[in-house]
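Structure at a glance
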Amino acid sequence: MGTIVACSTPFGSSGIAVVRLSGPVSHKIVSSFLEKKIISKKHNTPTLCRLVDSDGRVFDEAVINFLFSPNTYTGEDLVEINLHGNPVIIQKTIDLCCSFGAEIAPGGEFTKRAYMNDKLDMSQAEAVASLISSKSILGAKLSYKNLRGSLLENILSIKNKIITTVGQIEFNLDISEEDLQPNLVSNSVLVLGECIESLSSAIKSFKAVNVLTSGASVVIAGPTNAGKSTLFNALLKKDRAIVSEIAGTTRDVLENTINIEGIPFVLKDTAGIRKTKNSIEKIGVEKSNEEILSADLVIYLGEPGSVLSSENDTVVYVFNKKDIRVGGGGYDISISALKNENISALKKIVLKKISSDFSDVGFIVTSQRQVSCLEKTTQHLLIAKKSLQNSPHLELVVEDLNFSLSFLDQITKKTTKDDVLDSVFSSFCVGK
Ligand SMILES: Nc1nc2c(ncn2[C@@H]2O[C@H](COP(=O)(O)OP(=O)(O)OP(=O)(O)O)[C@@H](O)[C@H]2O)c(=O)[nH]1
Ligand SMILES: [Mg+2]
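Heads up: these notes are all about the structure in this document. (Residues numbered from 1 in each chain as written. Chains lettered and ligands numbered in written order. Predicted model: local features only at pLDDT ≥ 70, side-chain atom pairs only at ≥ 80, totals over all residues. Heavy atoms only, no water.)

Here the focus is the pattern of salt bridges. Per the counting criterion, the structure on display carries twelve salt bridges. The closest approach of N and O atoms between K92 and D53, which form a salt bridge, is 3.2 Å. Of this pair, K92 sits in helix α2 (residues 87-99) while D53 sits in the loop between β3 (47-52) and β4 (58-67); the two residues are 39 residues apart in sequence, bridging distant segments of the chain. Judged by relative accessible area, which is 28%, K92 ranks as partly exposed. Note that K268 and E291 form a salt bridge whose closest N and O atoms lie 3.0 Å from each other. With a gap of 23 residues between them, K268 in strand β9 (residues 263-269) and E291 in helix α9 (residues 279-294) connect regions that are remote in the sequence. (Salt bridge = Lys/Arg side-chain N within 4 Å of Asp/Glu carboxyl O. Helix = DSSP H or I, 4+ residues; strand = E, 2+ residues; numbered from the N terminus. Buried < 20%, exposed > 50% of the residue type's maximum accessible area, 1.4 Å probe, protein only.)

Quick look at the structure:
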């Protein structure tokens, strides 16, 4: 593998920026444009150095850390250049690295190398991506748990149970299929049942984790003039949406993120739902219905007696304008968006509805790819379990158990195909 370079911090003006190199000649490349061309022989000893352009003039000074294989993030020789965060200086440094033999690193290349050099397994590499993209501190904590090997441990424990079951069945097959060990079938069914249960709770955890890392989408919906945009503004604590007494004011979906007790919510204001001949408003209403369908939660501002007609049943029914009218029976809460009454109580209800999904998540997965691997594992375990219970054709059972193991391997081990690798690492940012 060649030597790669990238800026690991966001490109732009900042106090400090970090340019990183990894690969066999990374130390030599960096020393080529230092005023004093010494390569540090000591691991992890940050040193102040001057950076020199091809005309021999110094253009910045930087704290440079030379790190030696294998005790680095990638497992290769690595250099971290902490320079002033000016895009011109960053670009000059990267250009110089390239002129001395480095290649620009594509997104995720540093973590991909860490994976290739056995510094991380696949579940830990994916935890790095979700740790970086997490929008809440709780999401970051869960991702960090996986980075430290929580998912790996849980998967290995399930794998061990399956491998032991395969071993016991194969041992029986070697002796005699007719003369089965007592309790072999019943014990195996029990163990596979336990594995299926753990996998199913991990699959369920994904929705909750996704909310913590990407934010829960909360759609404010209801008829025209119900006060949706007024509520949107009240929740954001700023006048973001246009409010008026004219029915059909909001046409496009407006979006903004709020944070309730550390959980991110992507709040959406939508067009009021009504029958209309206006072609633009009609498009707005269609968009509202699409948003309602895909929302994690809908705040529905309805008229008394009206119910949201959608397949999405995660709804908080809100009676608005309580300052000028009476009612509210059968609703989850009465508020006045205009007078800011009961807005905090509404936030609490929203938080409770969303967080009930992840109040006690233990074994969690953080990517759709991991979910589909676990689903395929479960399918084969279910078939194996059924075969054991119905007519124990033990060879078939072993075949399905081996299939289930191959899907677990895709989450943890290195047997992963190139296309899976590309899809995982291409979602990373450059420099990680
Ligand atoms: N008295 C009172 N008026 C309210 C309240 N909430 C909204 N309104 C008024 O109701 C009218 C409609 O409010 P909007 O927030 O624009 O309603 P909307 O549901 O977004 O309407 P569309 O975008 O047309 O679907 C405005 O005149 C608001 O001032 C409330 O709690 N009390
Ligand atoms: Mg509106």
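Structure's up, so let's keep going.
Glancing now at the site of ligand 1. Every one of the 23 residues lining ligand 1 counts as a neighbour, but K228, T230, G248, T249 and T250 are closest to it. Between ligand 1 and A226 there is a distance of 3.1 Å, counted from an oxygen atom to a backbone nitrogen or oxygen. With respect to ligand 1, the backbone of L338 contributes an N or O atom lying 3.1 Å from an oxygen atom. Contact with the protein chains hides 91% of the accessible area of ligand 1, taken as 660 Å² for the molecule alone. Per-class residue counts for the shell around ligand 1 are seven nonpolar, twelve polar and four charged. (Near = heavy atom within 4 Å. Polar contact = N/O pair within 3.5 Å; in protein donor to acceptor, adjacent residues only side chain to side chain. Areas by Shrake-Rupley, 256 points an atom, 1.4 Å probe, with all protein chains shown as cover. Nonpolar A, V, L, I, M, F, W, Y, C, P; charged D, E, K, R; others polar.)

The strand order β3-β4-β5-β2-β1-β6 describes an open sheet built from six strands, whose pairing is mixed. Only two strands of the sheet have a single partner each, and these edge strands are β3 and β6 (103-104). Taken together, the six bridges between β3 and β4 define a ladder with antiparallel strand orientation. Paired with R50 across the two strands is E61, which belongs to β4. Lying over the sheet, α2 contacts β1 (4-7), β2 (14-22), β3, β4, β5 (78-85) and β6, oriented at roughly 150° with respect to β5. (Pairing = 2+ DSSP bridges. Contact = heavy atoms within 4.5 Å. Axes fitted to C-alpha atoms, helices over the stretch in contact; angles between N-to-C directions.)

Its place among the elements puts K238 in the loop between α8 (228-236) and β8 (254-260). Separated by 173 residues in the primary sequence, K238 and I411 place their C-alpha atoms 44 Å from one another. Those residues in contact with K238 that sit more than four places away from it in its chain are N233 and N256.

Those donors, S229 (OG) and T250 (OG1), are the protein atoms that reach the magnesium ion (ligand 2), and they lie 2.0 to 2.1 Å from it. Here the residue S229 occupies a position in helix α8, and T250 occupies one in the loop between α8 and β8, the gap between them amounting to 21 residues. Taken as a pair, S229 and T250 share a single burial class, namely buried. (Donors = N, O, S within 2.8 Å, 3.2 Å for Na, K, Ca; no water.)

What follows concerns the packing of aromatic side chains. This model, assessed by the stated rule, comprises three aromatic pairs. Aromatic side chains F33 and F100 sit 6.4 Å apart centroid to centroid with 20° between the ring planes, which places their arrangement in the stacked category. Here F100 lies in the loop between α2 and β6 and F33 lies in the loop between α1 (26-31) and β3, a separation of 67 residues in the sequence. R20 extends its terminal NZ or CZ atom over the ring of F110, reaching a point 4.7 Å from the ring centre. Over the ring of F319 we find R325; its NZ or CZ atom is 4.2 Å from the centre of that ring. (Phe/Tyr/Trp six-rings, centres within 6.5 Å; stacked < 30°, edge-to-face > 60°. Lys NZ or Arg CZ within 6 Å of the ring centre and 35° of its normal.)

Counting residues in hydrophobic clusters, the biggest one holds 33 residues, and the most contacted among them are L231, F265, I299 and L346. In contact with F265, other than residues within four places in its own chain, are A216, V218, N256, T257, I258, I260, V350, L351 and I354. (Core = buried A, V, L, I, M, F, W, Y, C linked by side-chain atoms within 4.5 Å.)

Right, let's get into the packing of α8 against helix α10 (residues 343-355). Where α8 meets α10, the closest approach of the two axes is 11 Å, and the angle between their N-to-C directions is 85°. One way to sum up the angle between α8 and α10 is to call them roughly perpendicular. Between α8, through L231, A234 and L235, and α10, the contact on the second element is made entirely by I343, L346 and K347. Residue composition of the contact of α8 with α10, grouped by class: five nonpolar, no polar and one charged. (Parallel < 35°, antiparallel > 145°, perpendicular 65-115°, else oblique.)

Nothing here speaks to function; it is all geometry.
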